[in-house]
Amino acid sequence: MTQTTTTETPAAGPGTGTRRTRPRIHRAWFVAAVTFVTIIGAAAFRAVPGLFTDPLHTEFGWSRGTIGAAVSVNLALYGLTAPFAAALMDRFGIRRVVAVALMVIAAGSGLTVWMTAAWQLLLCWGLLVGLGTGSMALAFAATVTNRWFTERRGLVSGILTAASASGQLIFLPLVAWIVEAYDWRPAAVTVALAALAVVPFVWLLLHDHPADVGLKPYGAAEFVPKPAPVPGAARRALKVLASAARTGPFWLLAGTFAICGASTNGLIQTHFVPAAHDAHMPVQAAASLLAVIGVFDVVGTVASGWFTDRFEARRLLAVYYALRGLSLLFLPLLLAPGVHPPMVLFIVFYGLDWVATVPPTLALCREHYGEDSAIVFGWVLASHQVGAALVAFLGGVARDVFGTYDVVWYASGALCAAAALMALVIRRGTAEVPVSVAR
């Protein structure tokens, strides 16, 4: 984490000199820290949909399927915005895009307090927050990692991925307490203020490129000039998609990541609290368990980044998906009115695997698609969120139809087993060239 600087000091005798080295933390780590805090701010609102489901159902009489549809729009836009946001960062800079995105999140969250109809939920919670969080998605982390780091990319991508879970960890217990003590509206305002609070840090501290401050990327042997702004952000994102779609690894990565989203954001993040409440577990206790998943997700994701720097990424993915699917098959047997040791074991086990899939997936994108990997990863992330959106909606429909979530847990476990097999089929990548010029 340090670089060495050399300074000259006078020597004891005339005509001689000594050289003293002083280690200094590379600025890339400060940029990574600001990125971490920023993603935490964006994660705040995305941590609470499961907490608002029952209050909105009670107050407005909206079905869980209707509420799930708003969550579905949010999750889909979170993914579909990411590749365009990555291209916009190349055109206008990271700082501008991220600052605007945070303000859009705050607006969407704050405006929900005045809604009276379901379409307003879709507009505020679905459209605005979905667009804002999509611009703050993992493609943002990929852009920062690619620009500022040559070494330790796996570790850094793991740390930045863990930021989303840290936002969940910080805000879930707080928001659950606010919802139970004061209602859901003060909780929505709290989240809006949290997103706004991050904007000054982004504007003052988040530099777009190492060349802006006269530095090499961390671990680079040579200085890397800042590339010229790339015009036509939307056109470039679509061109990269068209090129990547001609390759087999893209579809395998997109398919596995769709299942990842279905079994995490779409399933557990959206439906775990309502399912636990169905089993007569207090809402605050269920939210606390979800926050504990966030604790162990930080550990698991950072460890996954470390593993990705040392082991074959596709084999790591296969192990992660297989273990996740196994744990989901046992979940219906564990839901109960109280928190008991087997449930705690599930929370720990599942938390370690929550988004451990991100560092190896990002590494495989870099292996196959080189300089365009951030945009390609944005499209892969889009598939993640489409999978999440489908399960967020279908999970609510299944609960309305069957009166239970059991069929959703079992189906998701089977999908994870399929993802493990798909990961093993991905071939090795060697070319470090942009996919937009590779044929």
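Calculation rules
Residues numbered from 1 in each chain as written. Predicted model: local features only at pLDDT ≥ 70, side-chain atom pairs only at ≥ 80, totals over all residues. Heavy atoms only, no water. UniProt positions renumbered as here; feature names shortened; annotations may be inferred. Helix = DSSP H or I, 4+ residues; strand = E, 2+ residues; numbered from the N terminus. Buried < 20%, exposed > 50% of the residue type's maximum accessible area, 1.4 Å probe, protein only. Contact = heavy atoms within 4.5 Å. Areas by Shrake-Rupley, 256 points an atom, 1.4 Å probe, with all protein chains shown as cover. Salt bridge = Lys/Arg side-chain N within 4 Å of Asp/Glu carboxyl O. Axes fitted to C-alpha atoms, helices over the stretch in contact; angles between N-to-C directions. Parallel < 35°, antiparallel > 145°, perpendicular 65-115°, else oblique. Left-handed = near helix turned anticlockwise from the far one by under 90°. Nonpolar A, V, L, I, M, F, W, Y, C, P; charged D, E, K, R; others polar.

The name recorded for the protein in an unreviewed UniProt entry is MFS transporter, from Streptomyces thermospinosisporus. Quoted straight from UniProt, the Subcellular location (unreviewed entry) entry for the protein says "Cell membrane".

Q: Quick question: what am I supposed to make of the overall build of the protein here?
A: If you tally the helices and strands in the protein, you get 17 helices and two strands. For the protein, the residues scored as buried account for 56% of the 439 residues in total. For the protein, contacts bridging at least 24 residues in sequence account for 81% of all contacts bridging at least 6. Carbon and sulfur atoms form 69% of the exposed surface of the protein, whose accessible area is close to 17400 Å².

Q: What is the right way to read the pattern of salt bridges from this model?
A: If the charged atoms of two oppositely charged side chains come close together, the side chains can form a pair. Per the stated rule, a full pass over the model turns up six salt bridges. A single network of salt bridges, built from pairs that share partners, joins E59, D183 and R185.

Q: Please clarify how the environment of P274 should be interpreted in this entry.
A: Within the element layout of this structure, P274 appears in helix α11 (residues 265–278). Along the primary structure P274 and F52 are separated by 222 residues, whereas in three dimensions their C-alpha atoms are 9.6 Å apart.

Q: What am I meant to see in the packing of helix α10 (residues 248–263) against helix α17 (residues 406–425) here?
A: Helix packing geometry: the angle between the two helix axes and the distance between the axes. Across the interface, α10 lies against α17 with an axial gap of 9 Å and an inter-helix angle of 155 degrees. Considered as vectors, α10 and α17 are oriented roughly antiparallel to each other. Crossing geometry of α10 relative to α17 is assigned as left-handed. Contact residues: α10 offers L252, G255, T256, I259 and S263, while α17 offers L415, C416, A419, M422, A423 and V425. Of the residues belonging to the contact of α10 with α17, the class tally is eight nonpolar, three polar and no charged.

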